[in-house]
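In case you want the letters, here they are:
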Amino acid sequence: MRYVLRVLGAAGIAFAGTAMAQETVVRIAHVAPISGSQAHWGKDNENGVRMAIDDLNKQAISIGGKPVKWVLQPEDDAGDPKQGAAVAQKLCDSKVNGVVGHFNSGTTIPASRIYHDCGIPMITAGATNPGVTAPGYPEIFRVIPHDGAMAEALAAYVAQTLKLKTIAIIDDRTAYGQGLADLFERAVKAKGIQVADRQFTTDKATDFMAILTATKAKRPDAVFFGGMDAQGGPMLRQMEQLGMANMRFLGGEGVCTPKMSELAANAKTLGNVICTAGGPSIQKMPGGVAWKQRYDAAFPNQFQIYSPYNYDAMMVMAEAMKRANSTDPKVFVPKLKDVSHKGVTAQIEFDARHELKNPAITLAVFKDGKPVPMD
């Protein structure tokens, strides 16, 4: 009897192994800063991809005649270009099916070349420097507006609505911060606004007193900061300390976060912030309100900005696989450029440069410690 049981047990194991072999495992990596001063951004983005992975697994999708099991592989690049490149090479070596990320332009640009070389698709939902798509790599896509569009929108508001005459510009010398500041400077100058001063710091700095003192002496109507909330928050506190409480503070999506209020310690200067964010507000996204309710239930108090875009990026990649009836990057990457996907954030379609067609821009101010859309 024991012998018969052993034989049946072996047969059962063999059968289970055959069943498992029929399943296609699709590994999607998400890369962002999960440690350091930008960890709140990275975790929010990762949450968006995680939600998409969970939803895809509930759909019981079959591709190439086999059921698909979707698996998330989260990676931390700490917002560092060298670490980002190392992660990219690791993902190439391990042959993941695709990558959603990276978050920072400074990590995304060098990583994109690595993904191109090994043929792995990357869709970023956070890196906004125009240089991300400039090389024209067939594997690289973006589901949010680039910084050029955001700089133009903010410059138009500054010139036409605020009617400011002079602006001081500070950037953090990253690919994102300096790139956005350069584009904004070009845009405001084209509208006849004088750039009274240009200063720079780093994305690790917390003391801006010397820079702000020099800026204050030029008496600009506003300060534009190209950088992230980890520096923007302390900068607002120090502006208040220096008696710059009535000066406008302008910036991109890097300072347009709920975390900004905490980092600024609710300084009065928070009320002077006007910032841009790529895409519509969550309230105006086609599926934004319902999606945000699900997000908050799963990840309370973690929402920043870009998790719904990361969700859509994952869904776009899955859509390309379904269209190609293959999970092999060599087969489904050509389908990405033809995707037309009704996402949470928008109807997602790509132009010839793999940028989002008809992108929306949102201007926001802070009320009760939170960024609130103007329109």
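Residues numbered from 1 in each chain as written. Predicted model: local features only at pLDDT ≥ 70, side-chain atom pairs only at ≥ 80, totals over all residues. Heavy atoms only, no water.

A. Broad picture of the sheet that holds strand E10 (residues 248-251). With respect to topology, 7 strands assemble into an open sheet ordered E8-E7-E9-E10-E11-E14-E15, the strand pairing being mixed. A strand with exactly one partner marks an edge of an open sheet, and here the two such strands are strand E8 (194-200) and strand E15 (370-373). Direction aside, neighbouring strands of the sheet carry axes that sit 25° apart on average. Bridging between strand E7 (residues 166-171) and E8 involves 6 bridges; their strand directions are parallel. Residue pairing for E8: Ile169 is matched across the bridge by Arg198. Helix-sheet contacts for helix H5 (residues 147-162) involve E7, strand E9 (222-226), E10, strand E11 (273-278) and strand E14 (361-367), and the interaxial angle to E11 is about 145°. (Pairing = 2+ DSSP bridges. Helix = DSSP H or I, 4+ residues; strand = E, 2+ residues; numbered from the N terminus. Axes fitted to C-alpha atoms, helices over the stretch in contact; angles between N-to-C directions. Contact = heavy atoms within 4.5 Å.)

B. Spotlight on unusual backbone geometry. Residue Gly101 is joined to His102 through a cis peptide bond whose omega torsion reads -10°. In this fold, His102 is placed in the loop between strand E4 (98-101) and helix H4 (105-118). Within the chain, Ala265 stands out as a residue other than glycine whose phi angle is a positive 55°. By the secondary structure assignment, Ala265 is in the loop between helix H9 (259-263) and E11. Classification of Ala265 as exposed rests on a relative accessible area of 53%. (Buried < 20%, exposed > 50% of the residue type's maximum accessible area, 1.4 Å probe, protein only.)

C. Spatial organisation of the nonpolar core. Counting 95 residues, the largest nonpolar core has Trp70, Ile167, Phe184 and Met314 as its most contacted members. Among the elements that take part in this core, helix H11 (residues 307-324) stands out by supplying 11 residues, more than any other. Once you skip the residues sitting within four places of it in the chain, Met314 turns out to touch Ile28, Val49, Ala52, Ile53, Leu56, Trp70 and Val100. (Core = buried A, V, L, I, M, F, W, Y, C linked by side-chain atoms within 4.5 Å.)

D. Structural detail: the state of the cysteines. Counted according to the given criterion, the structure contains 2 disulfides. Two residues, Cys92 and Cys118, share a disulfide whose sulfurs are 2.0 Å apart. Of note, the bridge from Cys92 to Cys118 carries an S-S torsion of about -55° and is left-handed in sense. Of this pair, Cys92 sits in helix H3 (residues 81-93) while Cys118 sits in helix H4; the two residues are 26 residues apart in sequence, bridging distant segments of the chain. Between the sulfur atoms of Cys256 and its disulfide mate Cys275 the distance is 2.1 Å. Residues Cys256 and Cys275 are joined through a disulfide that is right-handed, its torsion about the S-S bond being 60°. You can see Cys256 sitting in the loop between E10 and H9 and its partner Cys275 sitting in strand E11, a full 19 residues away along the chain. Judged on exposure class, the residue Cys256 and its partner Cys275 are both buried. When the bonded cysteines of the chain are counted from the start of the sequence, the pairing works out to 1-2, 3-4. (Disulfide = S-S within 2.5 Å.)

Structural measurements only, silent on function.
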